[in-house]
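Listed below are the residues making up each chain.
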Amino acid sequence: MDRMLRIDMGAEGGPKATLTEVGEYAGLGGRALTSALVSKEVPPLCHPLGASNKLVIAPGLLSGTAAAVSGRLSVGCKSPLTGGIKEANAGGQPSQMLARLGYAAIVLEGKPKDETLYKIFINKDGVKIAEDNSLKMLGNYDLVDKLKGEYGDKIGVISIGPAGEMKMSAASIACTDMEVRPTRHAGRGGVGAVMGAKGVKAIILDDTGTKMRSPKDPDAFKEANKRWVEGLRKHPVTGQGLPAYGTNVLTNVINEAGGYPTHNFMWGRFEGCAKISGETQAELENQRGGEGSATHGCHRGCIIRCSGTFHDKDGHYVTKQPEYETVWAHGGNCGIDDLDAIAMLDRLDDDFGVDTIEMGATIGVAMEGGLAKFGDARAAINLVKEVGKGTPLGRILGNGAAVTGKVFGVERVPVVKGQSMPAYDPRSVQGIGVTYATSPMGADHTAGYAVATNILGVGGKVDPLKPEGQAELSRNLQIATAAIDSTGMCLFIAFAIMDQPETFQALIDTINTFYGLKLSADDVTALGKSVLKNERDFNARAGFTAAQDRLPEFFKKESLPPHNIVFNVTDKDLDTVFNW
Ligand code: SF4
């Protein structure tokens, strides 16, 4: 991973690829690399869909190695949704493949002068860029099938659906999973619209003939990775809860805690919760059978395997096992308690290439705006289909909850910096409210998952209903997350490293033995801080101030049942999050 592939999509005579050394970005991976490059090379005041924005696609530091769970791919740019810096990451196969092919990053620059659509093929022999307008407006599923017909079924694909081509702010970038299906998405912030603006429909990777990346000290690396795997296996969340029920194991837990946003953040509990919980979902999947029903990894080398496959009642594949966030967004948030309808919405989102969180929150706002009734699954499916068709209504919805709220005159719009909140109400989980408010990414649970400590008792305990300690909790988690997002590790490893110091040490040892380094825990903290500093600096130059580090007003005014509480962390406390 010692080279970068820069492709100028606006070059005279057609796209031009250049291989460069990593240079000043050496030693960085994943989010550390994308945020450093965007912060340095993208003018903060540029239009996100213009030629000056850059789309950076970077494997993590340990991607392409034998280290377990190291296959997350980071995508960075200026976000069309938030107007600030963005890093969104995804599982699937491409990160491992890109790393084995030797690339620290692909950087898409410039902009084509017309509407020509391109595909980029990368294998061990090099890079081929070709025009292919036959791919226009294909859904991700048909697109991947077509590409498999052309390039074989050993490929990994990074692609956009129609939403990305239409440059919608909710558009995602899909990564194919181990079955070469486009089910893993860098969802947040409209990264798919930036890929669409660059005129790139798909990047096809074939790592045939490449080898796993070799560690500097193979024996010590093997031993450290063994301790790493043992640590993940022995923690109850990464070793038992996630493999058995997937992330949707959280539905009952968060509902019980009164923090499950229901009917567009009106209540904290959903009466249909039991029908869509992880336990019900796993039972249904196992009853229906089929390959990989429950417990399934999204990429080679994941030993947590939190995913699964959702089949219809006749046993036909519908989608991957919908994640907790998706089940919430299209389920409880919209008053829908039908897992088959939720799975269909997930499938449509993946096919059109839109973020499931943004779309679910948008449908919730649309329901409040009178476009459909809460609980009407058929209407929700039809609204998402409008997005895929690109009708005027679909284009409004496809630009997210903030735009939809404005168009339909809704006051209760759960966004920060223009990005929709995920599945935890900040009034009942005040720590995650601090992360939503202050993360440079906009409302993002993964940026500093305070739910772990507020609700799950992982990494200590901070009362979820009180303001005390939440700013400090969010600060520490945001720093740790920025570092984890740079390694290529899936964020779910955080449960094990927060509770088990020896497992955190095993991760550091894995990095050190691979690269021949002597990093300490303090160095990891310093890395996380430097990533956040780059991101905050970009946002400040893009015009963001403390005024954007706030939750929408209604969270401070409307009490949330059942705890009948408002968000009560003070602005003064919020402004201390990045004081270190
Ligand atoms: S834990 Fe789940 S999301 Fe994370 S890499 Fe494994 S299968 Fe993918």
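Anything mentioned here points back to the structure above.
Let me begin by describing the structure that accompanies this report. (Residues numbered from 1 in each chain as written. Predicted model: local features only at pLDDT ≥ 70, side-chain atom pairs only at ≥ 80, totals over all residues. Heavy atoms only, no water.)

Bringing the site of the ligand into the picture now. As a structural note, the neighbourhood of the ligand is formed by Arg72, His296, Gly297, Cys298, His299, Cys302, Ile304, Cys306, Cys490 and Phe492. When the residues that make up the shell around the ligand are grouped by side-chain class, the tally is 6 nonpolar, 3 polar and 1 charged. (Near = heavy atom within 4 Å. Nonpolar A, V, L, I, M, F, W, Y, C, P; charged D, E, K, R; others polar.)

Taken as a whole and judged by the stated rule, the model has 13 aromatic pairs. Judged by centre distance (4.7 Å) and plane angle (15°), the ring pair of Phe121 and Tyr151 falls under stacked. On the criterion of sequence distance, the pair formed by Phe121 in strand 7 (residues 118-123) and Tyr151 in helix 3 (residues 140-151) is long-range, its members being 30 residues apart. For Tyr151, a relative accessible area of 23% puts it in the partly exposed group. Where Tyr449 meets Phe495, the ring centres are 6.2 Å apart and the plane angle is 85°; that geometry is what we call edge-to-face. One end of the pair, Tyr449, is in the loop between helix 17 (430-438) and helix 18 (451-454); the other, Phe495, is in helix 20 (residues 494-499), with 46 residues separating them in the sequence. (Phe/Tyr/Trp six-rings, centres within 6.5 Å; stacked < 30°, edge-to-face > 60°. Helix = DSSP H or I, 4+ residues; strand = E, 2+ residues; numbered from the N terminus. Buried < 20%, exposed > 50% of the residue type's maximum accessible area, 1.4 Å probe, protein only.)

Picture the strands of a sheet paired through backbone hydrogen bonds; they go either parallel or antiparallel. Strands sit in the order 8-7-12-9-10-11 across an open sheet of 6 strands; the sheet is mixed. Both outer strands of the open sheet, strand 8 (126-131) and strand 11 (184-186), are each paired with one neighbouring strand and no more. Averaged over neighbouring strand pairs, the angle between their axes works out to 20° when direction is ignored. Helix 3 rests against strand 7, strand 9 (156-159), strand 10 (173-175), strand 11 and strand 12 (200-205) of the sheet, and its axis sits at about 45° to strand 12. (Pairing = 2+ DSSP bridges. Axes fitted to C-alpha atoms, helices over the stretch in contact; angles between N-to-C directions. Contact = heavy atoms within 4.5 Å.)

What follows covers the side chain of Ser169. Tracing the chain through its elements places Ser169 in the loop between helix 4 (162-165) and strand 10. With relative accessibility at 10%, the residue Ser169 sits in the buried group. The residues contacting Ser169, other than those within four sequence positions of it, are Pro80, Leu81, Gly189, Gly190, Gly398 and Asn399.

A word on the sheet that holds strand 2 (residues 16-21). Overall, mixed pairing links the 6 strands, which are arranged 2-1-6-3-4-5 in an open sheet. In this open sheet, the two edge strands, each paired with only one partner strand, are strand 2 and strand 5 (85-90). Strand-to-strand, the axes of this sheet are offset by a mean angle of 20°, without reference to chain direction. Direction of pairing for strand 3 (residues 55-59) relative to strand 4 (residues 73-78): antiparallel, over a ladder of 4 bridges.

Within strand 5, 5 of the 6 residues are buried, leaving the element largely enclosed by the surrounding structure. Where strand 4 and strand 5 come together, 6 bridges link them in antiparallel fashion. Residue pairing in the sheet places Cys77 in a bridge with Lys86 of strand 5.

Our focus in this paragraph is the packing of helix 17 against helix 19 (residues 470-487). Contact pair helix 17 / helix 19: the axes reach a minimum separation of 8 Å and the direction vectors enclose 60°. By the angle class used here, helix 17 and helix 19 are oblique. Relative to helix 19, helix 17 is oriented so that their crossing is right-handed. In this structure, helix 17 uses Gln430, Gly431, Val434, Thr435 and Thr438 to contact helix 19, whose residues at the interface are Gln470, Ala471, Ser474 and Gln478. The class makeup of the residues in the contact of helix 17 with helix 19 is 2 nonpolar, 7 polar and no charged. (Parallel < 35°, antiparallel > 145°, perpendicular 65-115°, else oblique. Left-handed = near helix turned anticlockwise from the far one by under 90°.)

With 17 residues, helix 6 (residues 218-234) ought to run about 24 Å at 1.5 Å a step, and its terminal C-alpha atoms sit 24 Å apart, in line with that. Residues of helix 6 that are buried include every one of Phe221, Ala224, Asn225, Trp228, Val229, Gly231 and Leu232, and no others. The buried residues of helix 6 all sit within an arc of 160° when viewed along its axis, so they share a single face. Opposite the buried face of helix 6, by more than 90 degrees, sit the exposed residues Asp219, Lys222, Lys226 and Arg233. In the core, the buried residues of helix 6 are packed alongside helix 7 (236-245), helix 20 and helix 21 (501-515). (Expected span 1.5 Å × (residues − 1). Arc of directions from axis to C-beta.)

This paragraph deals with the pattern of salt bridges. Working definition: two side chains of opposite charge can pair if their charged atoms are close together. For the structure shown, the criterion picks out 37 salt bridges. Of the charged contacts in the structure, one is a salt bridge between Lys154 and Asp153, with a shortest N-O distance of 3.6 Å. Taking the relative accessible area as the measure of exposure, Lys154 reaches 60% and is therefore exposed. Note that Asp355 is salt-bridged to Arg188, the shortest N-O span being 3.0 Å. With Asp355 in the loop between helix 12 (339-352) and helix 13 (356-368) and Arg188 in the loop between strand 11 and helix 5 (191-197), this pair connects stretches of sequence that are 167 residues apart. Here the two residues Asp355 and Arg188 agree in accessibility, since each one is buried. (Salt bridge = Lys/Arg side-chain N within 4 Å of Asp/Glu carboxyl O.)

Relative to each other, helix 3 and helix 12 sit at 55°, their axes nearing to 6 Å. What the angle tells us is that helix 3 and helix 12 run oblique. Mapping the contact onto sequence places Asn140, Tyr141 and Asp142 in helix 3 and Arg347, Asp350, Asp351 and Phe352 in helix 12.

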